[in-house]
Amino acid sequence: MKFGFLSLVAGMCMVPLFGQSQSAKTAQPYTPARTADGQPDIEGTWNSRAGGSAYSVLPHAGGFFLGAESKTGIVEGGVLPYQPWAAKEVANLTDHMELDPTGHCHFEGIPHALYFGFQIIQTPKFIAVLHDNMHARRLIYLDGKPHPKGYSAWMGDSRGHWEGNTLVVDVADNNDKSVFDMAGHFHSDALHVVERFTIVDKDTINYEATFDDPKVFTAPFKMKFEMKKAANPQEPFESDCFGGERDQEHIVNGLATLKEHYYSK
C-alpha cells in the first residue's frame, strides 16, 4: 500500500510538469519571413481593429455618425490624463466637431492615420507607410540618424529600428494641429510618440504606442490595438478628400474660420 501511494503521488506530480513542457513548446515566438536584407517582413496591406477610434479613442456609444461602439476604447485605462485647462479645451472641441482638422482634409497624424487601411513597403534604408486617407504617407528611417532640427509636420518625423519581431519607431517633430480623433482629443507640438509594431503571426500585428506631451498631459499614456493583413490585397483605397474641396479658402492655421465665441481661448 505504501509503495502504491508513493507511486500515485509521483505520477500526479509528473502531470503538471508534462503540461508545462507542452505549454513551453506552444509559447515559442512566431518566426516571420525575412526581406532580402534580413528585416522581418511586414510588407502588405493592413487594416486596423481600432474600435471606432476615428470618432473617439475613449469608450463611446455607437451610431451612424459615431461609428462603431467601443466599450473600452484604445487608451490603456480608458482615460486621457489631460491637464485641467486642456480638459476644458477638449470639451469645447467635442461640442464643435466642425473644427476637426481632418474634416477639412488635413493630415491626421500619428496614430490617427493608422485607424484606416494602409500599405507598407520595405527597403533597406526606410519603411514606407502609405495611408488610404488624405493621401498621407510617412517614411520610417532605419539609418540610425537623429531627428532633424527645426522640423515640424502633421505626420511628424519617424526613426525606427528592429528589436526581434518588433519594429520600434520614435516619432518626434509633430506639429500641434493633428488630433487623435474627431472628439477633440488633441496634443501640442511637444508630443513624443514611441510606437511598437509586434508581429504576432503572418496576418497579425499588435500595435502599442506610448505618448508623452508635458504641455498638455499630466503623465504619459498608452494606446493599443490590433492590425490584420488584408486577405486580398489591393492598391490603397484613394480617399480623395482634396479633390474639388471648396472649404480651403476658410482654413486658417488648420481650423475652420468661425465666430470667436466658438473658441474657448
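Just so you know, these numbers come straight off a predicted model, no measurement behind them.

Conventions adopted
Residues numbered from 1 in each chain as written. Predicted model: local features only at pLDDT ≥ 70, side-chain atom pairs only at ≥ 80, totals over all residues. Heavy atoms only, no water. Helix = DSSP H or I, 4+ residues; strand = E, 2+ residues; numbered from the N terminus. Buried < 20%, exposed > 50% of the residue type's maximum accessible area, 1.4 Å probe, protein only. Contact = heavy atoms within 4.5 Å. Salt bridge = Lys/Arg side-chain N within 4 Å of Asp/Glu carboxyl O. Core = buried A, V, L, I, M, F, W, Y, C linked by side-chain atoms within 4.5 Å. pLDDT = per-residue confidence, 0-100. Pairing = 2+ DSSP bridges. Axes fitted to C-alpha atoms, helices over the stretch in contact; angles between N-to-C directions. Polar contact = N/O pair within 3.5 Å; in protein donor to acceptor, adjacent residues only side chain to side chain.

Peer 1: Which parts of the structure should I look at to understand the overall build of the protein?
Peer 2: A tally of helices and strands in the protein yields 2 helices and 11 strands. Of the regular secondary structure in the protein, the N- to C-terminal order runs α-β-α-β-β-β-β-β-β-β-β-β-β. Within the span of the protein, comprising 265 residues, buried residues form 43% of the whole. Restricting the contact set of the protein to residue pairs at least 6 apart, pairs at least 24 apart contribute 57%.

Peer 1: So what exactly am I meant to see when it comes to the pattern of salt bridges here?
Peer 2: According to the stated counting rule, one finds 10 salt bridges in the structure shown. Between Lys224 and Glu76 there is a salt bridge whose closest N-O contact spans 3.1 Å. Here the residue Lys224 occupies a position in strand β9 (residues 221–229), and Glu76 occupies one in the loop between β1 (44–49) and α2 (84–95), the gap between them amounting to 148 residues. The class for Glu76 is partly exposed, based on a relative accessible area of 45%.

Peer 1: When you look at the nonpolar core in this model, what are you seeing that I'm missing?
Peer 2: The tendency in soluble globular proteins is for nonpolar side chains to be buried side by side. Grouped together as the largest cluster of nonpolar side chains are 46 residues, with contacts concentrated most on Val57, Tyr82, Tyr115, Phe180, Met223 and Met227. Mapped by element, the contributors of at least two residues to this core are α2, β2 (118–122), β3 (126–131), β6 (166–172), β7 (192–201), β8 (204–212) and β9.

Peer 1: It is not clear to me how the confidence of the model for the protein should be interpreted in this structure. Could you clarify?
Peer 2: The predicted coordinates of low-pLDDT regions are not to be read in fine detail. Model confidence for the protein is summarised by a mean pLDDT of 81, while 75% of its residues fall at 70 or above. In the predicted structure, residues 254–265 sits below a pLDDT of 50 and forms 27 contacts with residues beyond four places in sequence or in another chain.

Peer 1: What exactly am I supposed to notice about unusual backbone geometry here?
Peer 2: In terms of backbone geometry, most residues other than glycine have negative phi values and most peptide bonds are trans. For the peptide bond that leads from Ile110 to Pro111, omega is 10°, which places it in the cis range. Relative to the helices and strands, Pro111 resides in the loop between α2 and β2. A positive phi angle, close to 60°, is found at Asp173, a residue other than glycine. In this fold, Asp173 is placed in the loop between β6 and β7.

Peer 1: Help me out: how do you make sense of the environment of Ser152 in this one?
Peer 2: Looking at the element boundaries, Ser152 is found in the loop between β4 (137–141) and β5 (157–163). For the pair Ser152 and Asp189, spaced 37 residues apart in sequence, the C-alpha to C-alpha distance is 8.1 Å. With residues up to four places along the chain from it excluded, the contact list for Ser152 reads Asp173, Asn174 and Asn175.

Peer 1: Honestly, the environment of Asn165 in this entry has me stumped. Any pointers?
Peer 2: Tracing the backbone shows Asn165 in the loop between β5 and β6. Ignoring any residue separated from it by four or fewer positions in sequence, one finds Asn165 in contact with Tyr30, Pro32, Phe197, Thr198 and Ile199.

Peer 1: Is there a simple way to explain the sheet that holds β8 in this structure?
Peer 2: In any sheet, the strands associate via hydrogen bonds between backbone groups, in a parallel or an antiparallel arrangement. The 9 strands are arranged β1-β2-β3-β4-β5-β6-β7-β8-β9 in a closed barrel whose pairing can be described as mixed. On average, each strand axis in the sheet is inclined to that of its neighbour by 30°, with strand direction left out of account. Summarising the sheet, β5 and β6 pair through 7 bridges and their orientation is antiparallel. What sits directly across from His161, in β6, is Val168.

Peer 1: Just checking my understanding: could you explain the pairing of β7 for this structure?
Peer 2: Regular strands show a simple pattern: their side chains alternate between the two faces of the sheet. Across 6 bridges, the pairing between β6 and β7 is antiparallel. The partner of Val171 across the bridge, within β7, is Val193. Of the strand pairs in this sheet, β7 and β8 are connected by 9 bridges, and their pairing is antiparallel. Considered in β8, the bridge of Phe197 is made with Tyr207.

Peer 1: Honestly, the side chain of Thr35 in this entry has me stumped. Any pointers?
Peer 2: Structurally, the position occupied by Thr35 is in the loop between α1 (2–26) and β1. When its relative accessible area of 16% is taken as the criterion, Thr35 is described as buried. Within the local environment of Thr35, its side chain forms a polar contact with the side chain of Asp37, the two groups lying 2.7 Å apart. Contact partners of Thr35, with chain neighbours within four places excluded, come to Pro40, Asp41 and Gln122.

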